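Coordinates in review
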Amino acid sequence: MSKGLALLTAILVIACFVAAGVTISYENYGWMTVAIIAGFFIMGAGIFAKRKGQ
């Protein structure tokens, strides 16, 4: 995995978890669930891509 793609993946995961925090503050739990699941999905895809590249 290139460093640029790894950085993009990390930024997207952080953005998803920040979005989950914002939605918690607005008490919008449906979107919180979507943001957390998206964060875990992107993190899993990044780990998969990193392992595949080694």
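Residues numbered from 1 in each chain as written. Predicted model: local features only at pLDDT ≥ 70, side-chain atom pairs only at ≥ 80, totals over all residues. Heavy atoms only, no water.

Here we take up the packing of aromatic side chains. Two measures describe an aromatic ring pair: the distance that separates the ring centres and the angle between the ring planes. Enumeration according to the criterion identifies one aromatic pair in this entry. Ring geometry for Phe17 versus Phe40: centroids 5.5 Å apart, planes at 70°, classification edge-to-face. Of this pair, Phe17 sits in helix α1 (residues 3-25) while Phe40 is found in helix α2 (residues 29-53), placing the two residues 23 residues apart along the sequence. On the basis of relative accessibility, which here comes to 31%, the residue Phe17 falls in the partly exposed class. Given the relative accessible area of 52%, Phe40 is considered exposed. (Phe/Tyr/Trp six-rings, centres within 6.5 Å; stacked < 30°, edge-to-face > 60°. Helix = DSSP H or I, 4+ residues; strand = E, 2+ residues; numbered from the N terminus. Buried < 20%, exposed > 50% of the residue type's maximum accessible area, 1.4 Å probe, protein only.)

Here the focus is the environment of Lys3. Residue position: Lys3 is located in helix α1. In the structure, Lys3 is positioned 28 residues away from Trp31 in sequence and 30 Å away in space, judged by C-alpha atoms.

Taking 1.5 Å of rise per residue, 23 residues should cover 33 Å, and α1 covers 33 Å from first to last C-alpha, within 8% of that figure. Taken together, the buried positions of α1 are occupied by Thr9, Val13, Cys16, Ala20 and Thr23. Each element contacted by the buried residues of α1 is listed here: α2. Where α1 ends, the next residue or the one after it, Glu27, has phi of about 55°, a positive value. (Expected span 1.5 Å × (residues − 1). Contact = heavy atoms within 4.5 Å.)

This part is about α2. Over its 25 residues, α2 extends 36 Å from the first C-alpha to the last, a length consistent with the 36 Å expected when each residue adds 1.5 Å. For α2, the complete set of buried residues consists of Met32, Ala35, Gly39 and Gly46. Packing partners of the buried residues in α2 comprise α1.

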